[in-house]
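# Observations on the model geometry
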Protein chains: 2
Amino acid sequence: MGRVLTPHDIHAAMTAQKPGVVVRVAVDALGGDRAPEVVVEGALEAAGELLHVLLVGPEDTLRDLLPAGGSPHIEIVPATEKIGSGDEPVGAVRGRPQSSLVVAARLVADGRADAFVSMGNTGAALAAGLLHVHRIKGVLRPALCTLLPAVPLPVVFLDAGANAEVRPESLRQFAILGQVFAQEVLGIDKPSVGLLSIGEEPTKGTQVVIEAHRLMAADPQINFFGNVEGRDLTRHTVDVIVADGFSGNVALKVFEGTARTIVGEIRNAVLGSLRAKIGAAIMAPDLKRIGAALDPEQYGGAYLLGLRRPMIVGHGSSHAQGVANGIRTASRGVTSDLLPAIARRLGAGAE
Amino acid sequence: MGRVLTPHDIHAAMTAQKPGVVVRVAVDALGGDRAPEVVVEGALEAAGELLHVLLVGPEDTLRDLLPAGGSPHIEIVPATEKIGSGDEPVGAVRGRPQSSLVVAARLVADGRADAFVSMGNTGAALAAGLLHVHRIKGVLRPALCTLLPAVPLPVVFLDAGANAEVRPESLRQFAILGQVFAQEVLGIDKPSVGLLSIGEEPTKGTQVVIEAHRLMAADPQINFFGNVEGRDLTRHTVDVIVADGFSGNVALKVFEGTARTIVGEIRNAVLGSLRAKIGAAIMAPDLKRIGAALDPEQYGGAYLLGLRRPMIVGHGSSHAQGVANGIRTASRGVTSDLLPAIARRLGAGAE
């Protein structure tokens, strides 16, 4: 695969299917603010000859939402319980083995599905992944890996919130996870990696970040650029940005909130006056293009990177298109060399 | 003072002068990317009968930049050395006693000036503040306190980067520092305080944040809302947001970078086609208003809150208006009850 050049290429790289290979994706039908309706809609959009969906949730409800007679590429797997977005992750996963999320994770663990998708509770998905799907041998902690819509090209960003506290060695591993992701999924030849801190100098940041900088700089496996700052999230200073899950999650939500506030302000301005309405109507295609470039749904969710099978968690607010892209991204995770490459690079051999 | 209601009110509250009181502000003429030219320009804009500026830097250069015969409200104080934005703060402050920044801080320490302003190295300003101006008794760590242009009203945000690592007790103090700032400078009656974390639940975040949550919730002095998230930076969920200086600095720079990227994308769209140019020309007043609302220069820099005198550090990229607003903000810090109120609230009595 050549180096990706446009956001469109990236979308294609993230969601491409491999000819001749049938992939089975388990989908948590009760995850997300708009479940199960948009999940079923997204599954219908994504499912096909090469992409079978195992839709996990209450049988009758799901059957009613599917077209009469069902869909040839969608199978319903019954699950009666639900884990909500506010539930305490570990307790919920242990206490509700019949929840759609845990049943979906177990389908992957049992080999009945190749990958997992949920728009629900990220912490619970991580807990289910750790408990049932397990880490790749050698990986200390899985990281939540997402694409940030930077200009001109998205940036691979991890950890977006799986680990509130990490050791420097985990940050070093995140650099390798992100680098392999950029290589194997996006086709970037020698991806550069930056470490999120509060100044360019290696001495800036917390003790954990300073030590992680040292480990990354000393690791010949890592094409290390050095520290980057918050403003580099929306530029393309580096291909991959590594952060601890606390400041990473803060950064991601500040990005989303700021984009939403500015777009909202422009919309208010437009509604506020006839003059602006006319101007906005003329500018509409350009504003729409910018809005689309900033839309997190286009890439279909974040990878829980470091688990033995592809696990994708999407925004709770996802629409059908986001769900469909999440399912395609999971499928792509199966047919790419991503997970074997992680296993090779983190020094514990093949699974 | 009544409760502030608009961004315009906030600007007025931040920069108001008190009738009949002459304030002397020491200004580091060599701080910032555009120094000394824009610093002199900003000083000329801000100086007046009630606001005397002590402009600290190379005498001949500054005299050449001032109008022939000087300005009646500006005094040049000679300083031969400079501390650059990349210099290691503590070493530079100790090693360059004749630098414009250190001389300006010493003018405040010696009582020749009432407040300090620099658009230069924030870390060095903090080091000079700690070494020469000193903390208010009872304050563990000063915090960098800034206003974020949220919608509909700005949010008081601290620590924006003075302390990469903090103890929970410092975060509790930051809540009080921010609350007093919102009361005494912005005139907000009972400001609400949120703690930046990665989930609403008190159990979310790092150990330091979880413990700080407990301390804040238990403190009757603090009008504690609970945890807030990255997306609340650009809303007005609370009047004051408290963060550790690492994720606070990351958050601030993500905000600035995202705003700049989106505005840049709109500008590119506008330059890209005649159609969009016409639309943008029609929308121009609205886009300009939104741009102005997001402009960090309108509030004139950040307070190093917790020091015995008002110290303001502004963006290195500030233009003359930002410098002038920084000087006015420093002056307002002198005539308000801000610092005495901090001394009273942090339990160590008057200075």
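Structure shown above.
Read on for a plain summary of the structure. (Residues numbered from 1 in each chain as written. Chains lettered and ligands numbered in written order. Predicted model: local features only at pLDDT ≥ 70, side-chain atom pairs only at ≥ 80, totals over all residues. Heavy atoms only, no water.)

## Concerning the overall build of chain A
Selection rule: Numbering of helices and strands runs from the N terminus, with a helix taken as a DSSP run of H or I at least four residues long and a strand as a DSSP run of E at least two residues long. When we talk radius of gyration, it's over C-alpha atoms, and the globule rule is simply 2.2 Å times the number of residues to the 0.38. Note on exposure labels: buried denotes an accessible area under 20% of the residue type's maximum, exposed denotes more than 50%, and partly exposed covers the range between, all computed with a 1.4 Å probe on protein chains only. Pairs of residues are marked as contacts when any of their non-hydrogen atoms sit within 4.5 Å.
A count of helical and extended segments in chain A gives twelve helices and eleven strands. Whereas a compact globule of 351 residues would reach a radius of gyration of roughly 20 Å, chain A reaches 20 Å, a difference of no more than 12%. Each principal axis of the C-alpha distribution contributes one length, and for chain A these read about 65 × 60 × 40 Å. Going through the 351 residues of chain A one by one, you find that 59% of them count as buried. Nonlocal contacts in chain A, meaning residues at least 24 apart in sequence, comprise 71% of its contacts between residues at least 6 apart.

## Brief notes about the pairing of strand β8 (residues 224-228) of chain B
Residue and element names in this part refer to chain B. The condition that has to hold: Any two strands with at least two DSSP-identified bridges between them are counted as paired. When the strands point away from the viewer and the connection leading from the first strand across the helix to the second strand turns clockwise, the crossover is called right-handed.
Most of β8 is tucked away: four of the five residues are buried. Strand direction decides the pairing type here: strand β7 (residues 193-196) and β8, joined by four bridges, are parallel. Each residue of the ladder has a partner; that of Leu196, found in β8, is Val228. In this fold, β7 hands off to helix α8 (residues 207-217), which returns the chain to β8; that crossover is right-handed.

## Examining the sheet that holds strand β11 (residues 311-313) of chain B
Residues and elements named next belong to chain B. Rule in force here: An axis is simply a line fitted to the C-alpha atoms; with a helix, the fit covers only the stretch in contact. Between two such axes, the angle follows the N-to-C directions and lies from 0 to 180 degrees.
As summarised here, the arrangement of the eleven strands in space is β3-β2-β1-β4-β11-β10-β5-β6-β9-β7-β8, forming an open sheet in which the pairing is mixed. Where the open sheet ends on each side, the last strands, each with one partner, are β3 (74-78) and β8. Within this sheet the neighbouring strands show an average axis-to-axis angle of 25 degrees, counted without direction. Where strand β6 (residues 155-158) and strand β9 (residues 240-242) come together, three bridges link them in parallel fashion. If you follow Phe157 over to β9, its bridge partner there is Ile241. Contacts from helix α11 (residues 320-335) reach β1 (23-28), β2 (51-57), β4 (115-118), β10 (302-305) and β11 within the one sheet, and its direction differs from that of β1 by about 140 degrees.

## A word on the nonpolar core
The condition that has to hold: Definition of nonpolar core: a set of buried residues of the types Ala, Val, Leu, Ile, Met, Phe, Trp, Tyr and Cys, connected through side-chain atoms within 4.5 Å.
Core analysis: the largest hydrophobic core is formed by 228 residues, its most contacted members being Phe181 of chain A together with Phe181 of chain B. Setting aside its immediate chain neighbours within four residues, Phe181 of chain B contacts Met14, Cys145, Leu147, Val156, Leu186, Tyr303, Leu305 and Leu338 of chain B. Ranked by size, the runner-up nonpolar core spans six residues in total, among them Ala259 and Ile266 of chain A together with Ile262 and Ile266 of chain B.

## A short note on the side chain of His213 of chain B
Locating His213 of chain B in the fold gives a position in helix α8. For His213 of chain B, the contacting residues outside a window of four places in its chain are Leu195, Pro202, Phe224, Gly226 and Asn227 of chain B.

## Points about unusual backbone geometry
That bond from Ala35 of chain A to Pro36 of chain A is cis: its omega, -5 degrees, falls within 30 degrees of zero. Within the element layout of this structure, Pro36 of chain A appears in the loop between β1 (23-28) and α2 (37-46). Between Leu158 of chain B and Asp159 of chain B the backbone carries a cis peptide bond, its omega angle lying at 5 degrees. Note that Asp159 of chain B resides in the loop between β6 and α7 (168-184). Phi at His134 of chain A takes a positive value of approximately 75 degrees, unusual for a residue other than glycine. Secondary-structure assignment places His134 of chain A in the loop between α6 (122-133) and β5 (143-148).

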